[in-house]
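Now for the letters of each chain:
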Amino acid sequence: METPATLATLAEAASGPHPARLAVIGHPIAHSLSPRMQQPALDEAGIDARYIALEVAPGEVKAAFARMRELGFIGCNVTVPHKFDALEACDEVDDIARDLGAVNTVRFDPDAIRGTNTDGIGFERAVEEAFDFKLAGADVAIIGAGGGAGGAIAAHCARAGVSVLVLANRTLAKLSDLDRRLNSRGFEALTIALDDPDLAAVVGANQLIVNTTSLGLRPDDPSPLPADCLNGSHCVFDTIYKPTALLRDAGKAGAKCANGRLMLLHQGVAAFRFWFPDSDPEAAMRAGLDAASQP
Ligand code: ATR
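Under the domain assignment, the protein is made up of domain 1 (10-117 + 264-292) and domain 2 (120-259). Here the C-alpha centroids of domain 1 and domain 2 sit 27 Å apart. Contacts between the two partners involve 14 residues from domain 1 and, on the opposite side, 14 residues from domain 2. Taken together, the two surfaces of domain 1 and domain 2 that pack against each other cover about 1100 Å², and 54% of this comes from carbon and sulfur.

For the rest of this paragraph, the subject is the layout of surface pockets. As a volume, the largest pocket reaches approximately 1500 Å³. Only β3 (75-78), α4 (83-89), α7 (148-159) and α11 (261-275) provide two or more residues apiece to the lining of the largest pocket. Considering each element in turn, the lining of the largest pocket owes the most residues, 4 residues, to α7. Tallied by class, the residues present in the lining of the largest pocket amount to 19 nonpolar, 20 polar and 7 charged. Each of domain 1 (10-117 + 264-292) and domain 2 (120-259) contributes no fewer than three residues to the lining of the largest pocket. Considered as a void within the structure, the second largest pocket measures approximately 400 Å³ in volume. Lining the second largest pocket are 18 residues; nearest its centre among them are Glu2, Pro35, Tyr51, Ile52 and Ala53. For the lining of the second largest pocket, the secondary structure elements donating two or more residues are α1 (10-13), α2 (34-44) and β2 (50-55). Within the lining of the second largest pocket, the residues separate by chemical class into 10 nonpolar, 4 polar and 4 charged.

Rules used in this analysis
Residue positions are counted from 1 within each chain, in the order its sequence is given. Where totals are concerned, whole chains, interfaces and linings use all residues; where local detail is concerned, this predicted model gives features only for residues with pLDDT of at least 70, and gives and counts side-chain atom pairs only at 80 or more. Only hydrogens and water are set aside when side-chain values are computed; all heavy atoms of the structure are taken into account. All the domain ranges listed were derived from an automatic or database domain assignment. Note on contacts: a residue pair is in contact if any heavy atoms of the two residues lie within 4.5 Å. Accessible area that two parts lose when put together, evaluated with a 1.4 Å probe and summed over both, is termed the buried area. Only protein atoms enter the 1 Å grid used here. Points where a 1.4 Å probe fits but cannot escape make up a cavity, open sets with protein on both sides within 12 Å along at least five of seven lines make up a pocket, and a residue lines them when an atom lies within 4 Å of a point. Grid points are joined across faces, edges and corners, and a volume is the space filled by probe spheres set on the points. Numbering of helices and strands runs from the N terminus; a helix is a DSSP stretch of H or I covering at least four residues, while a strand is a stretch of E covering at least two. Lys, Arg, Asp and Glu make up the charged group, whereas Ala, Val, Leu, Ile, Met, Phe, Trp, Tyr, Cys and Pro make up the nonpolar group; the residues left over, Gly among them, are polar.

Below is the structure:
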């Protein structure tokens, strides 16, 4: 894996043959699979540009945008913890980014820095591909909706017309902003704390259950849900890329299961199309992601 660039080394990366013209910014960023997925799509499209990982410290998003723009970058992806700062640092953001309260994809146009968010559509396409599941009219429970990823997925579910949306979080107070934003658009969600005695019944009543907590990142993390609320009628989507206790329990209960890999793919495809509107990068990106996942 290539060492990430920094703002100090960016000019060097952006010069010479095969210059860097796209990046994913985050902190930390070395683990990101985005370069392994985006570069094959650039190569296949015959675009002479490199997609790199760029380490950006908290508070430096605006400076990073200015530097990338100065060096001729086409755009960038934005990941944790910069998605909220990126919303502020753009000149223009579309309705999707505004609704989701965060930006994950940026384009440096000559007249403006434009931002969007492809996490919601990435999630929607992932559950369609994994489960043949349509969000419109569905019942969905989001575990960890108080975090950034959960909030974006929840906002997208409301936009996509789900009929029931349960927002569960360890800290109930952290749901209030999201709940208010959804209410202001006329959408009523149900909120519940993870330690509520009714959690299993309230969450288990939904067709699609989504984990957006960070529980599962470490191999010994417990599941955020009691195993007895899962059954064979559920579709369980974990935004974490690796096997988790939740998916293990869901598999045992006979539920359909998928992890966050497909969401990574589909948000990446939508980002590529934000930069290159007439492109069809999906096959190349899927192959890149498969190659990156080989041991
Ligand atoms: P981000 O905003 O990047 O998504 P985050 O702020 O760390 O990440 O939030 C991750 C989510 O995981 C939150 O919903 C968090 O719950 P709190 O809002 O109560 O902090 C949840 N989370 C993290 N550790 C958890 C744990 N041990 N049990 C349950 N939920 C947890």
